[in-house]
Amino acid sequence: MKELIEIFRYRLVSLNIILLIVSSLTMFNYKIVSLVTFALIINIYDILGYHFTLIRRNTQVPEKVIVRAYRIHQLLFEILIAVFIGFLFGWQYSISCGVIKWFGLQDLLYYLILRQPIPQKFTWMKWTPFGIIKGDLSKFEVIFQAVIGIIIAILIIIL
């Protein structure tokens with residue numbers, strides 16, 4: 001129990017969990033909040049999985065192998081949550097969840113919740129729309145891309 005309390009008190013993890021609970025309860029009355037729930041649940045998964053498990057570990061397995069294995073189960077988890085939201089609220093919500101993920105919103109949430117400085121350069125976001133075109137992205141480009149993703153996600157839902 002002591003360890004769970006330490007995790008809850010770490011940086012802004014408790015805020016992420018509280019917001020997740022609130023958004024999970026609210027999304028049944030306001031379906032659009034399911035996008036917030038999606039972003040928060042995959043963010044807490046990334047914080048617990050990547051930050052606590054990968055960054056703070058000691059192992060003999062090469063870093064590249066561990067990160068790839070994590071990315072596989074992370075993607076499967078994200079797809080599972082998006083499909084679940086699709087079954088609950090409709091596929092436009094599920095697609096919108098995919099859009100906000102693809103446009104990098106969760107990567108920004110990761111830094112904000114952990115109260116870490118947002119990197120000036122994002123070298124790993126080559127899978128995002130701007131990243132496919134440009135490669136490495138600046139902080140401004142990632143923030144701009146995430147805002148565009150939010151707008152597209154909302155448009156998918158209302159149109």
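Relevant structure appears above.
The model shown is predicted, which means the values in this text are computed figures rather than measured ones.

Caption draft 1: Geometry of the overall build of the protein. The helix and strand tally for the protein stands at eight helices and two strands. Taking the principal axes of the C-alpha coordinates as reference, the protein spans close to 50 × 45 × 25 Å. A burial count over the protein gives 43% of its 159 residues as buried. Considering only contacts in the protein between residues 6 or more positions apart, those separated by 24 or more positions represent 58%. Distance between charge centres in the protein, computed from 15 positive and 8 negative side chains, equals 2 Å.

Caption draft 2: Broad picture of the pattern of salt bridges. The full count for this structure, using the stated rule, is four salt bridges. Lys126 is the salt-bridge partner of Asp136, the closest N and O atoms lying 2.7 Å from each other. Placement of Asp136 in the loop between helix 7 (129-134) and strand 2 (137-138) and of Lys126 in the loop between strand 1 (121-122) and helix 7 is noted, with a sequence separation of ten residues between them. In this structure Lys126 comes out as partly exposed when scored by relative accessible area, which is 42%. Across the salt bridge formed by Glu141 and Lys134, the nearest N and O atoms sit 3.0 Å from each other.

Caption draft 3: The layout of surface pockets, seen in detail. Roughly 460 Å³ of internal volume is contained in the largest pocket. Around the largest pocket, the lining comprises 14 residues; the ones closest to its centre are Arg71, Gln74, Asp107, Trp124 and Trp127. Counting only elements with at least two residues in the lining of the largest pocket, the list comes to helix 3 (33-55), helix 4 (63-89) and helix 6 (105-113). For the lining of the largest pocket, the leading source of residues is helix 4, giving five residues. When grouped by side-chain class, the residues that make up the lining of the largest pocket number seven nonpolar, two polar and five charged. Taken as a whole, the second largest pocket encloses approximately 180 Å³ of empty space. Together, Ile32, Val33, Leu35, Val36, Ala39, Leu40, Ile100, Leu105, Leu109, Ile150, Ala153 and Ile154 line the second largest pocket. Secondary-structure elements contributing two or more residues to the lining of the second largest pocket are helix 3, helix 6 and helix 8 (139-158). In terms of residues, the lining of the second largest pocket owes the most to one element, helix 3, which gives five residues. Across the lining of the second largest pocket, the residue classes tally to twelve nonpolar, no polar and no charged.

Caption draft 4: Structural context of the side chain of Gln106. Position of Gln106 relative to the elements: it lies in helix 6. Side chain to side chain, Gln106 and Asn43 meet in a polar contact 2.9 Å long. At 3.4 Å, the side chain of Gln106 forms a polar contact with the side chain of Lys101. Those residues within four positions of Gln106 in sequence are excluded, and the remaining contacts are Ala39, Ile42, Asn43, Asp46, Ile100 and Lys101.

Caption draft 5: Up close: helix 8. The end-to-end C-alpha separation of helix 8 is 29 Å, in line with the 28 Å expected for 20 residues at 1.5 Å each. Within helix 8, burial applies to Glu141, Val142, Gln145, Ala146, Gly149, Ala153 and Ile157. Along the axis of helix 8, the buried residues cluster in a sector spanning 140°; they form a single face. Away from the buried face of helix 8 by more than 90 degrees, exposed residues Phe140 and Ile158 are located.

Caption draft 6: A look at the packing of helix 5 (residues 91-102) against helix 8. Interhelical geometry of helix 5 versus helix 8 gives an angle of 170° and a closest axis separation of 8 Å. Relative to helix 8, the element helix 5 lies roughly antiparallel. Counted together, Gln92, Tyr93, Ile95, Ser96, Val99 and Ile100 of helix 5 and Gly149, Ile150, Ile152, Ala153, Ile156 and Ile157 of helix 8 form the full contact between these two elements. When grouped by side-chain class, the residues that make up the contact of helix 5 with helix 8 number nine nonpolar, three polar and no charged.

Quick notes on the rules
- Residues numbered from 1 in each chain as written.
- Predicted model: local features only at pLDDT ≥ 70, side-chain atom pairs only at ≥ 80, totals over all residues.
- Heavy atoms only, no water.
- Helix = DSSP H or I, 4+ residues; strand = E, 2+ residues; numbered from the N terminus.
- Buried < 20%, exposed > 50% of the residue type's maximum accessible area, 1.4 Å probe, protein only.
- Contact = heavy atoms within 4.5 Å.
- Lys, Arg positive; Asp, Glu negative; His and termini not counted.
- Charge placed at Lys NZ, Arg CZ, Asp CG, Glu CD.
- Salt bridge = Lys/Arg side-chain N within 4 Å of Asp/Glu carboxyl O.
- 1 Å grid on protein atoms, 1.4 Å probe; cavity = no way out; pocket = protein on both sides within 12 Å on 5 of 7 lines; lining within 4 Å.
- Points joined across faces, edges and corners; volume = space filled by probe spheres on them.
- Nonpolar A, V, L, I, M, F, W, Y, C, P; charged D, E, K, R; others polar.
- Polar contact = N/O pair within 3.5 Å; in protein donor to acceptor, adjacent residues only side chain to side chain.
- Expected span 1.5 Å × (residues − 1).
- Arc of directions from axis to C-beta.
- Axes fitted to C-alpha atoms, helices over the stretch in contact; angles between N-to-C directions.
- Parallel < 35°, antiparallel > 145°, perpendicular 65-115°, else oblique.

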